[in-house]
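# Fold and geometry: a report
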Amino acid sequence: MFIRSEREAELAALADRLAARFTQRAPEYDREGSFPFDNFADLRQSGYLRLTVPQEYGGDGISLYELVLAQERLARGDGSTALAVGWHVGQMLHFRCTRSWPEALLARFCGEVVREGAMINHFGTEPATGSPSRGGKPQTTAVRTEGGWLLSGRKTYSTLSPALHHFTVSAGIEGEDATGVFFVRRGPGIWVEETWDTIGMRATGSHDLVLEHAFVPEDEVLGRSDSGGPHIDDGDGWLLHIPACYIGIAHAARDFAVGFARDYRPNSLPRPIAELPHIRQQIGQMEADLITSRTLLYAIADRWDRDEAGRPGLKPELGLAKYVATNHAIQIVDTAMRIVGGASLSRKLPLERMYRDVRAGLHNPPMDDVALQRLAARALAE
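These figures come from a predicted structure and were not determined experimentally. (Residues numbered from 1 in each chain as written. Predicted model: local features only at pLDDT ≥ 70, side-chain atom pairs only at ≥ 80, totals over all residues. Heavy atoms only, no water.)

Right, let's talk about the environment of D38 for a bit. For D38, the position within the fold is in helix α2 (residues 37-46). A C-alpha to C-alpha distance of 40 Å links D38 and A178, two positions 140 residues apart in sequence. Filtering out sequence-adjacent residues up to four positions away, D38 remains in contact with R25 and Y29. (Helix = DSSP H or I, 4+ residues; strand = E, 2+ residues; numbered from the N terminus. Contact = heavy atoms within 4.5 Å.)

In structure tokens:
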């Protein structure tokens, strides 16, 4: 119901084809907690990784609405893969809109994405500071050296780390009350410690990244907090890849539960359980939560696309879309498991994995309290 054009239909079909492959592999990756390299090979070969790259640099330049459409459908196959690749395609959209990188560096990296399937993610979370969205200053340090900087520190929740050759890192400037963002290429003084062993989203590869005197040349410094230069605020609309992922997982759980209700007929009943009033009530509740979440999510994405000047002012609505989608996703998967019953706890069925995966949405930015505080602040200021 949210496909509006032939281009969007083709994009949805691409995501559906990929999701169908990912569905088959998801149980093994989840059980092992291993990184889905085969899935990313498919993403690379299909051209998915270049979807948000600027058209002038060989990408498809898709809109935020189209990104949400693709990511939601991809997550129906495997939430871990969708969330992980979402950080790459989302940030490429962000860089395209804000032009926050030096243009020559952006052009070079976009070429690598298009030609080689390169990916990017930003690593800011640390053991002592928690999520960078909370405002903590990084303990990772940048020390000036001849021709550039030496970076040392540890980053946690480094999603995509097993597959990345490039990433950005926030670090405090030694001896100054400033923070810098650095474009880092994997090389000497950089390694990944495989620490990721969690209840959900087990295949995102969100290990610890360790830097020990890792060199970054001067022309690959992306910015400093004290630079005072021009800044394009896009309202962080790209973060809608997060609720798109979790509502996609919930959609898959809904599909499984509805199919189960249509087909399952215990010998105590003359008909499938889908005809029982309390089961129909539960299915109706799933539909209400799913339609509400998706309608809000796509409406906000469309507003962001159409109103470039108004993007900074959409932050409360962007946070609301995430708040509604992630909390409703948890409710939808829970209801799906109630419909299926005790069998839903079995690892032979996908629901228990989906139940674990959707919980992670509560801990992706913006967190619930931040989203609600923004809404409160605007209401009080009116």
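All right, on to the side chain of H88 then. Tracing the chain through its elements places H88 in helix α4 (residues 79-98). Assessed through its relative accessible area of 0%, H88 is described here as buried. Residues contacting H88, with those up to four places away along its chain left out, are L49, V113, A118, M119, I120 and L160. (Buried < 20%, exposed > 50% of the residue type's maximum accessible area, 1.4 Å probe, protein only.)

The subject of this paragraph is the packing of aromatic side chains. In total, this model carries 13 aromatic pairs according to the counting rule given. For the ring pair W87 and W238, a centre distance of 5.9 Å and an interplane angle of 70° mean the geometry is edge-to-face. One end of the pair, W87, is in helix α4; the other, W238, is in the loop between β8 (221-224) and α6 (241-263), with 151 residues separating them in the sequence. A residue is classified by how much of its surface remains accessible, and W87, at 13% relative accessible area, is buried. Plain terms: the ring middles of F109 and F183 are 5.9 Å apart, the flat faces sit at 75° to each other, and that makes the pair edge-to-face. Here F109 is found in helix α5 (residues 103-116), whereas its partner F183 is found in strand β5 (residues 179-185), with 74 residues between them in sequence. With relative accessibility at 1%, the residue F109 sits in the buried group. Through successive ring pairs, a cluster of aromatic residues spans F95, W101, F109 and F183. Here the guanidinium or amino end of R311 rests over the ring plane of W304, the centre of that ring lying 3.7 Å away. (Phe/Tyr/Trp six-rings, centres within 6.5 Å; stacked < 30°, edge-to-face > 60°. Lys NZ or Arg CZ within 6 Å of the ring centre and 35° of its normal.)

Once that is clear, we can look at unusual backbone geometry. The omega angle of the peptide bond from P365 to P366 is -10°, so this bond is cis rather than trans. Its place among the elements puts P366 in the loop between α9 (351-359) and α10 (368-381). Positive phi values are uncommon outside glycine, yet R99 reaches one of about 50°. Looking at the secondary structure, you find R99 in the loop between α4 and α5. Look at R99 and you get partly exposed, because its relative accessible area is 28%. A positive phi is found at H213, a non-glycine position, where the angle reads about 55°. Its location among the elements puts H213 in strand β7 (residues 207-217). Note on H213: relative accessible area 54%, which makes it exposed.

We now examine the packing of helix α3 (residues 64-75) against α6. α6 packs onto α3 with a crossing angle of 40° between their chain directions and a minimal axis gap of 7 Å. As summarised for this structure, α3 and α6 are arranged oblique, according to the angle between their axes. Crossing geometry of α3 relative to α6 is assigned as right-handed. The segment α3 lies against α6, with V68, Q71, E72 and A75 engaging H241, A244, C245, I247, G248, I249 and H251. Among the residues making up the contact of α3 with α6, the classes are represented as six nonpolar, four polar and one charged. (Axes fitted to C-alpha atoms, helices over the stretch in contact; angles between N-to-C directions. Parallel < 35°, antiparallel > 145°, perpendicular 65-115°, else oblique. Left-handed = near helix turned anticlockwise from the far one by under 90°. Nonpolar A, V, L, I, M, F, W, Y, C, P; charged D, E, K, R; others polar.)

On to the UniProt feature "domain: Acyl-CoA dehydrogenase/oxidase C-terminal" (unreviewed entry) in the chain, then. According to UniProt, the feature "domain: Acyl-CoA dehydrogenase/oxidase C-terminal" (unreviewed entry) maps to residues 243-360 in the numbering used here. Here residues 243-360 runs as 73% helix and 0% strand, with 11 Å between its end C-alpha atoms. (UniProt positions renumbered as here; feature names shortened; annotations may be inferred.)

What follows covers α3. Relative to the 16 Å expected for 12 residues at 1.5 Å per residue, α3 spans 16 Å between its end C-alpha atoms, a close match to the ideal helical length. The element α3 is largely enclosed, with a buried count of 12 among its 12 residues. When α3 is considered as a whole, its buried residues turn out to be L64, Y65, E66, L67, V68, L69, A70, Q71, E72, R73, L74 and A75. The inward-facing, buried residues of α3 abut α1 (6-32), α2, α4, α6 and α7 (277-306). (Expected span 1.5 Å × (residues − 1).)

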